[in-house]
Amino acid sequence: MENFDNPNIENQSAINLNKQEEQFQSRIDMIELRASLEKVKSEIGKVIVGQEKMIEHLLAALLSNGHVLIEGVPGVAKTITAKLLAKTIDVGFSRIQFTPDLMPSDILGTSVFNVKNSEFEFKKGPIFSNFILIDEINRSPAKTQSALFEVMEERQITIDGTRYAMDEPFLVIATQNPIEHEGTYRLPEAQLDRFLFKINVGYPNLEQEIAIIKNQHESKKEDKTEGINRVISAEQLKNYQHLVKEIIVEAQLMEYIAKIIINTRENQFLYLGASPRASLALLTASKAFAALRGRDFVTPEDIKEASYAVLRHRVIVSPEREMEGLSADEIIRQILEGIEIPR
């Protein structure tokens, strides 16, 4: 017969309950981080209607300290969203319009002879800032695009044997048009791999389109970024980025990430699978999505949500399947569906 009055049983139940509460309590304080990001969303929302997914991915890249490639047809708010994001954070901002005649020195800077002291002085280019917006990155030839390799990967440039480090935070947001191909140059795979995310931006729906028209009709401002407040300092952003690194990832979820990447290399529909850099990018991005949800631990849903933006530009669909209309996103979806989710 069970003894329901046994105090030891009651004590043991209390201990188990406390353990369960501790398990679900946040071990890292994410309240300030989440509140700050909500303020950023609110500021951007003063101008941008819809495009929640693009904004969320930009914030995840911000927390991950990773670069972003935004692809979409003209007029879907790619450039203005990047400018608004930069304005909500108290950091330097620089915009570079890529053109076919742009030279590497136009981006990085060049040495100029100073007549007064008869010495060469390095004049820094527009890349020396915190937020770099590159419009139509595929408009410049490979020589100019290659100027970004070192600075995107190592946050530094080397000119005339001298190393110049970038100030933190340092984020490159590049845009490109997927439709127009005349006068454009395909980005090399080595450069694509340096982008944490590739975000595909689509058209707004009917309700959003109506809201956009209404906002434009009622707005009296010439400058759309006017009235946008800075809500995060550079120091706060760096602290948030360090905080995201501390987010907990269980061993079975690391194995889940590895299985996804391995499957891209073994998939018969893909000509090129993802590299180990993609594994690390997926891990980092998953932590950022967990932070956006206010959690200090990663779930399989975070990994799945990050997979498309992390992998779509790192894999190459085989020519036969591409002719059939099969996209990288569809293959990634099939891979995710074919792998057992860890519990």
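Predicted model, so just to flag it, every value in this text is computed and none were measured.

Parameters and conventions
- Residues numbered from 1 in each chain as written.
- Predicted model: local features only at pLDDT ≥ 70, side-chain atom pairs only at ≥ 80, totals over all residues.
- Heavy atoms only, no water.
- Helix = DSSP H or I, 4+ residues; strand = E, 2+ residues; numbered from the N terminus.
- Core = buried A, V, L, I, M, F, W, Y, C linked by side-chain atoms within 4.5 Å.
- Buried < 20%, exposed > 50% of the residue type's maximum accessible area, 1.4 Å probe, protein only.
- Contact = heavy atoms within 4.5 Å.
- Phe/Tyr/Trp six-rings, centres within 6.5 Å; stacked < 30°, edge-to-face > 60°.
- Expected span 1.5 Å × (residues − 1).
- Arc of directions from axis to C-beta.
- Pairing = 2+ DSSP bridges.

Draft legend 1. The arrangement of unusual backbone geometry in detail. Following E168, the chain continues into P169 via a peptide bond in cis, with omega recorded as -5 degrees. Here P169 lies in the loop between β8 (162–165) and β9 (171–176). Although it is not a glycine, A77 sits at a positive phi angle of roughly 75 degrees. Assignment of secondary structure puts A77 in the loop between β1 (67–71) and α4 (78–87).

Draft legend 2. Representation of the nonpolar core within the structure. Counting residues in each nonpolar core, the largest one holds 73 residues, and the members touching the most others are L63, L85 and F197. Of the residues forming this core, the biggest block, nine residues, is contributed by helix α12 (residues 276–292). With residues up to four places along the chain from it excluded, the contact list for L63 reads L33, L37, Y240, Q241, V244, A288, A291 and L292. Counting residues in hydrophobic clusters, the runner-up holds 24 residues, among them L108, F122, F170 and V172.

Draft legend 3. Up close: the packing of aromatic side chains. Counted under the stated rule, the structure contains four aromatic pairs. Consider the rings of F128 and Y164, whose centres lie 6.3 Å apart with planes at 90 degrees: the pair is edge-to-face. On the criterion of sequence distance, the pair formed by F128 in the loop between β5 (119–124) and β6 (131–135) and Y164 in strand β8 is long-range, its members being 36 residues apart. The class of F128 is partly exposed, set by a relative accessible area of 22%. Of the residues examined, Y164 reaches a relative accessible area of 21% and is grouped as partly exposed. Where F197 meets F289, the ring centres are 6.1 Å apart and the plane angle is 40 degrees; that geometry is what we call tilted. Taken as a pair, F197 in strand β10 (residues 195–200) and F289 in helix α12 lie far apart in primary sequence, 92 residues in all. Classification of F289 as buried rests on a relative accessible area of 0%.

Draft legend 4. Local environment of helix α10 (residues 234–245). The end-to-end C-alpha distance of α10 is 17 Å, a good match for the 16 Å that twelve residues give at a rise of 1.5 Å each. For α10, the complete set of buried residues consists of L237, Y240, Q241 and V244. Around the axis of α10, the buried residues are gathered within 100 degrees of arc, so they sit on the same side.

Draft legend 5. How the structure looks around α12. Helix length check: α12, at 17 residues, gives a terminal C-alpha distance of 25 Å against a target of 24 Å (1.5 Å per residue), a fit within 8%. Across the 17 residues that make up α12, a large majority, twelve, are buried. For α12, the set of buried residues is A278, S279, A281, L282, A285, S286, K287, A288, F289, A290, A291 and L292. Phi for G294, located one or two positions after α12, is positive at around 80 degrees.

Draft legend 6. Fine view of the side chain of N177. As for its placement among the helices and strands, N177 is situated in the loop between β9 and α8 (189–192). On the basis of relative accessible area, N177 is assigned to the buried category, the value being 14%. Beyond its immediate sequence surroundings of up to four residues, N177 is in contact with G72, V73, P74 and N138.

Draft legend 7. Seen up close, the environment of L85. Mapping L85 onto the fold places it in helix α4. A sequence separation of 239 residues divides L85 from E324, and the C-alpha atoms of the two residues are 38 Å apart. Apart from residues no more than four positions distant in its own chain, L85 is found in contact with V40, I44, L58, L59, L62, F131 and I173.

Draft legend 8. Highlighting the pairing of β1. Across the five residues that make up β1, a large majority, five, are buried. The alternating pattern of β1 places H67, L69 and E71 and V68 and I70 on opposite faces, both of which are buried. Here five bridges tie β1 to β10, and the two strands are oriented parallel to one another. Each bridged residue has a counterpart across the sheet, and for H67 the counterpart in β10 is F195. Two strands pair when backbone bridges link them, and β1 and β9 are joined in this way by four bridges, in the parallel orientation. In the strand pairing of β9, L69 is matched with A174.

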